[in-house]
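Structural overview
Each chain is listed here by its residues.
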Amino acid sequence: MFGSNVWLAIHASIIIIGVYIASPFSATHYKEGSWRALFASRRQRLLTGLSFVILGGFTVSTHTWWFHNKYHEMGGDIGCSAFGAFSCGDVLANSDFNTVPVMGIPWGMVGMLAFAMLGFLAISVRREHNASWAHTYLNVGYVASGFGILIALYLLYVEIVPLEMTFCQYCSVAHIADVIAFVMFLKLKNMYGTEEWDPEAAAASHAAKEREKRRQERKKGGGFVKPTSRAGDEEE
């Protein structure tokens, strides 16, 4: 039976894997014609890494919701280990702050639904990066994850002041995942529309411009030039 902190390490590992995939270091794993082709471009690395970060945020939020439900069903010790200033049991068992004010929805469920939405946005853009809605999805992800940071700051205030420096380690990992997702959505949003977003299309466009430039130069130097095929242009 895994301890709660072992499960926490698993959730964190998923997020760390995502950060590594999104980093420049993962480019060394690129191999054409295999699953490692996902490391081919910065766009692919960022979107794949973002998907892993969001997955880690989703799983840790789901676990947090499970702890919340376990407390309300059983009461007392909910099996969430404490160490130092971290004690998710004391935070999640506090009926004054363990749900969204007024609405009464557990914070774990809010995180789970939020990361599910972010995952949908990231996976959709990864599959159809040139779709007309891709930039809109990136903007929505950027704004939604940014709003999540504001919520995280509120919950951090709750842990520091009303709960007197008592922190929920599961909640903290979810907050870190949201901050990382925000940074990645920002990078992708700024990359959209540049040559780095679609290097294959950019290379094809440059090649077409070079062929047209050579053709215009030949026309100026020798009058009429019979149109040639693309293969012929490359051979010349």
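Residues numbered from 1 in each chain as written. Predicted model: local features only at pLDDT ≥ 70, side-chain atom pairs only at ≥ 80, totals over all residues. Heavy atoms only, no water.

1. Considerations on unusual backbone geometry
With the exception of glycine, the majority of residues adopt a negative phi angle, and the majority of peptide bonds are in the trans configuration. Positioned with a positive phi, valine 102 is a non-glycine residue whose angle comes to about 75 degrees. Among the structural elements, valine 102 can be located in the loop between α3 (88–92) and α4 (107–127). The backbone of glutamate 164 sits at a positive phi, close to 55 degrees, despite the residue not being glycine. With respect to the helices, strands and loops of the structure, glutamate 164 is situated in the loop between α5 (134–160) and α6 (169–191). Owing to a relative accessible area of 64%, glutamate 164 belongs among the exposed residues under this scheme. (Helix = DSSP H or I, 4+ residues; strand = E, 2+ residues; numbered from the N terminus. Buried < 20%, exposed > 50% of the residue type's maximum accessible area, 1.4 Å probe, protein only.)

2. Remarks on the environment of valine 140
The topology assignment puts valine 140 in helix α5. Distance from valine 140 to lysine 189, taken between C-alpha atoms, is 10.0 Å for residues 49 residues apart in sequence.

3. Focus on α4
Here α4 is 21 residues long and its end C-alpha atoms lie 30 Å apart, about the 30 Å a rise of 1.5 Å per residue gives. Buried residues of α4: Trp107, Gly108, Gly111, Met112, Phe115, Leu118, Gly119, Leu121, Ala122, Ser124 and Val125, and no others. (Expected span 1.5 Å × (residues − 1).)

4. Regarding the state of the cysteines
Inspection of the entire model under this criterion finds 1 disulfide. One disulfide in the model links cysteine 168 with cysteine 171; its S-S distance is 2.4 Å. Note on the cysteine 168 and cysteine 171 pair: the S-S dihedral is about 75 degrees, so by sign convention the disulfide is right-handed. The class for cysteine 171 is buried, based on a relative accessible area of 14%. (Disulfide = S-S within 2.5 Å.)

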